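# Per-entry structural report
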Amino acid sequence: MNLPVGNTEVAAKRIQMITGCELFRINTVKKYPDDYTEATKVAQQELRDNARPKLSEYLDNIDDYEIIILCYPNWWGTMPMPVFTFLEKYDFTEKTILPVCTHEGSGLGHSESDIRKTCPSARLEKGLAVKGSNVYSAQPEIEKWLQKFINNFKRRK
């Protein structure tokens, strides 16, 4: 079940191709195990502990962006805990967050409500759930979803 390129990365790169947006990858200082089963065990423990894993880097200035397309896998019904770390780092006032979640049957889970709780000052749009096993053929679905927002994909000058 280990993938050479993760489903979320594939979805994010498709979004970048469609929109021309910049990519920023949320990476942790402590790497997750390469083995899928072991990685899910670590993720489950982080969720139980409500952990906030330290990230290896952060955006230089989130004020440069009006729209954040937040791509993440559904881990145990929500976002991975490093995504919480990322969201808690910034002030999302006057920002729009577009959630995109990859999954294998659980959809967005409760990630949208978790984003709303974590970033109460952000404008949260209805997210897109992309089944991971279909990610390579999901471009039409992604394009259709993005079409509602496409005119807003300009970086603030």
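Refer to the structure presented above.
The following refers to the structure shown.

Criteria and thresholds
Just so you know, the residues in each chain are numbered from 1, in the order the chain's sequence is written. Only residues with pLDDT of 70 or above have their local features reported here, since the model is predicted, and side-chain atom pairs are shown and tallied only from 80 upward, although totals for entire chains, interfaces and linings are computed over all residues. In computing side-chain values, all of the structure's heavy atoms are included and hydrogens and water are not. Fitted lines through C-alpha atoms give the axes, limited to the stretch in contact for helices. The angle between two N-to-C directions lies from 0 to 180 degrees. Numbering goes from the N terminus for both helices and strands, where a helix is a DSSP run of H or I of at least four residues and a strand is a run of E of at least two. If an angle is under 35 degrees, it is roughly parallel; if it is over 145, roughly antiparallel; if it lies from 65 to 115, roughly perpendicular; otherwise it is oblique. Crossing handedness follows the turn of the near helix against the far one: under a right angle anticlockwise gives a left-handed crossing, and clockwise gives a right-handed one. Throughout, a contact is declared for two residues whenever any of their heavy atoms are within 4.5 Å. Classification convention: Asp, Glu, Lys, Arg as charged; Ala, Val, Leu, Ile, Met, Phe, Trp, Tyr, Cys, Pro as nonpolar; all other residues, Gly among them, as polar. A helix is expected to span 1.5 Å for every residue after the first. Exposure classes here rest on a 1.4 Å probe applied to the protein chains alone. A residue is buried below 20% of its type maximum, exposed above 50%, and partly exposed in between. The arc in question is the one traced by the directions running from the helix axis out to the C-beta atoms. Whenever two N or O atoms come within 3.5 Å, that pair is a polar contact, provided that in protein one can donate a hydrogen and the other can accept it, and provided that, for residues adjacent in sequence, both atoms are side-chain atoms. Salt bridges are identified by distance alone: a Lys or Arg side-chain nitrogen within 4 Å of an Asp or Glu carboxyl oxygen.

### What about the packing of helix α1 (residues 7-19) against helix α5 (residues 139-146)?
The geometry of α1 relative to α5 is characterised by a closest axis approach of 10 Å and an angle of 55 degrees between their N-to-C directions. The angle between α1 and α5 places the two elements in the oblique class. Read as a crossing pair, α1 and α5 show a hand that is right-handed. Residues A11, R14, I15, M17, I18 and T19 of α1 pack against Q139, I142, E143 and L146 of α5. Classifying every residue of the contact of α1 with α5 gives six nonpolar, two polar and two charged.

### Quick look at helix α2 (residues 36-49)
Its 14 residues give α2 an end-to-end C-alpha distance of 20 Å, which sits within 8% of 20 Å, the value for a rise of 1.5 Å per residue. The complete set of buried residues in α2 reads A39, A43 and E46. The arc that holds every buried residue of α2, seen down its axis, measures 60 degrees, which confines them to one face. Across from the buried face of α2, at angles greater than 90 degrees, the exposed residues are R48 and D49. Two or three places before T37, at the opening of α2, D35 has a side-chain oxygen 3.2 Å from that residue's backbone nitrogen. Looking one or two residues past α2, N50 carries a phi angle of roughly 50 degrees, positive in sign.

### Regarding the pattern of salt bridges
In total, this model carries six salt bridges according to the counting rule given. Across the pair R25 and E9 runs a salt bridge, and its minimum N-O distance is 3.0 Å. Linking R25 in the loop between α1 and α2 with E9 in helix α1, this pair joins segments that are 16 residues apart in sequence. Classification of E9 as partly exposed rests on a relative accessible area of 26%. With a shortest N-O distance of 3.3 Å, E112 and K126 are connected by a salt bridge. A residue pair is termed long-range when its members are at least 10 positions apart, and E112 in helix α4 (residues 111-118) and K126 in the loop between β3 (123-124) and β4 (128-131) qualify at 14 residues. Among the charged side chains, a salt-bridge network with shared partners connects E9, K13 and R25.

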